[in-house]
Amino acid sequence: MSRLEKYDYGEDWLSDRAVRYRKRFNVKSTGDSKCTKNPYHPDTNPNGYINLGISGNTLSSKIVAEKMEQITKNMTISPELLHYHDFRGTAELRTEVAKFLTKHTHAVSPVNADNLMVLNGCSAATAALGMVLFDPGDGVIVPSPLYNGMNESMCRMPEVQIIYADLDDKSEIPFQLTVEKLESRFKEAEKEGVKIRGLFLINPHNPTGDIYPESVLRQCLEFAKRHSLHVIVDEIYMLSVFGEDAKFTSVLSLEGLPDPQRTHMVWGFSKDFCMCGLRCGRSEERRVGKECRSRWSPYH
């Protein structure tokens with residue numbers, strides 16, 4: 001046990017920032033901790049916990065692990081990889097990711113590897129964007145219900161306010177996103193004295209599974225441009241779309257983005273590649289990429 005572990009630190013020992021973090025109760029984190037300490041196993045621990053609060057493709061884990069073993073069987077590690085390198089990610093990795101995204105997002109133009117930043121998962125990418133796009137106390141509109149991790153990514157380090165745009169289940173299409181709901185929440189937040197600086201979209205959506213059609217996506221981007229808002233689009237489920245009638249539209253595939261310099265897309269390996277534990281996320285941005293790379297990518 002370290003010296004630090006011997007003490008139960010009260011708030012007098014902590015920075016003001018740490019005290020603010022500590023007061024943010026997160027029921028999911030509490031549940032995750034219990035599941036990690038006492039995980040279910042059919043043979044060795046049948047009374048353990050099964051975590052229903054995460055979206056991990058565990059049924060595919062064995063298949064993916066076997067595939068990775070085949071891929072890495074004859075792989076060699078270059079000594080240069082053990083040295084300091086570009087904190088955005090190696091040029092080779094970013095080049096291959098750029099090709100992959102260009103193909104699978106049906107991008108209107110080839111994704112530029114220099115606009116990519118590879119970080120420790122999409123949560124880290126979102127936090128890094130939050131640090132350079134917003135000031136503490138700024139509001140970011142997020143359709144709700146929403147992925148619980150958004151509160152961690154945006155509220156902890158960036159100290160942004162999440163402004164929930166509630167999507168009710170009373171309409172013909174339950175939890176349907178409309179620009180009218182965004183406009184209404186924007187006006188309400190401004191009356192409450194909150195400075196709205198951004199819009200965060202998850203497409204395909206977590207947890208509802210909704211896939212935004214091109215028309216809705218474009219309307220949201222036009223709404224953001226009218227109010228000079230940055231838009232972060234999380235597309236981590238972009239290849240996990242099934243059904244003949246289901247069509248995913250990436251923000252990178254849209255002709256004539258209303259405000260390309262304020263439009264940012266994130267994607268990672270966790271969902272589509274069933275690799276939640278191998279933390280690798282990336283963001284695609286233009287002008288703000290330099291700030292993310294130079295200020296925050298070394299810490300993620």
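For the structure itself, consult the block above.
This one's a predicted model, so the numbers in the text were calculated from it and none came from an experiment. (Residues numbered from 1 in each chain as written. Predicted model: local features only at pLDDT ≥ 70, side-chain atom pairs only at ≥ 80, totals over all residues. Heavy atoms only, no water.)

(A) Structural context of the packing of aromatic side chains. Counted under the stated rule, the structure contains three aromatic pairs. With centroids separated by 5.7 Å and ring planes inclined at 75°, the aromatic side chains of W267 and F269 adopt a geometry described as edge-to-face. Put simply, the rings of F100, W267 and F269 touch in pairs and so form one group of aromatic residues. (Phe/Tyr/Trp six-rings, centres within 6.5 Å; stacked < 30°, edge-to-face > 60°.)

(B) Just unusual backbone geometry, in detail. Note that the residue after N203, namely P204, is joined by a cis bond; omega there is -5°. For P204, the location among the structural elements is in the loop between β4 (196-202) and α8 (214-226). The amide bond that connects N206 to the next residue, P207, takes the cis arrangement and shows omega of 20°. Mapped onto the elements, P207 comes out in the loop between β4 and α8. Even without a glycine there, the phi angle at S228 is positive, about 55°. With respect to the helices, strands and loops of the structure, S228 is situated in the loop between α8 and β5 (230-234). With a relative accessible area of 41%, S228 lands in the partly exposed category. (Helix = DSSP H or I, 4+ residues; strand = E, 2+ residues; numbered from the N terminus. Buried < 20%, exposed > 50% of the residue type's maximum accessible area, 1.4 Å probe, protein only.)

(C) Geometry of the pattern of salt bridges. Applying the stated criterion across every chain, the model contains ten salt bridges. Taking the shortest distance from any N to any O, the salt bridge between R197 and D138 comes out at 2.9 Å. Remark: D138 occurs in the loop between α5 (122-133) and β2 (139-144) and R197 occurs in strand β4; sequence separation between them is 59 residues. Owing to a relative accessible area of 6%, D138 belongs among the buried residues under this scheme. E214 is the partner of R218 in a salt bridge, and the nearest nitrogen-oxygen pair spans 3.8 Å. Pair noted here: R218 and E214 are both in helix α8, with a separation of four residues, about one helical turn. When its relative accessible area of 40% is taken as the criterion, E214 is described as partly exposed. (Salt bridge = Lys/Arg side-chain N within 4 Å of Asp/Glu carboxyl O.)

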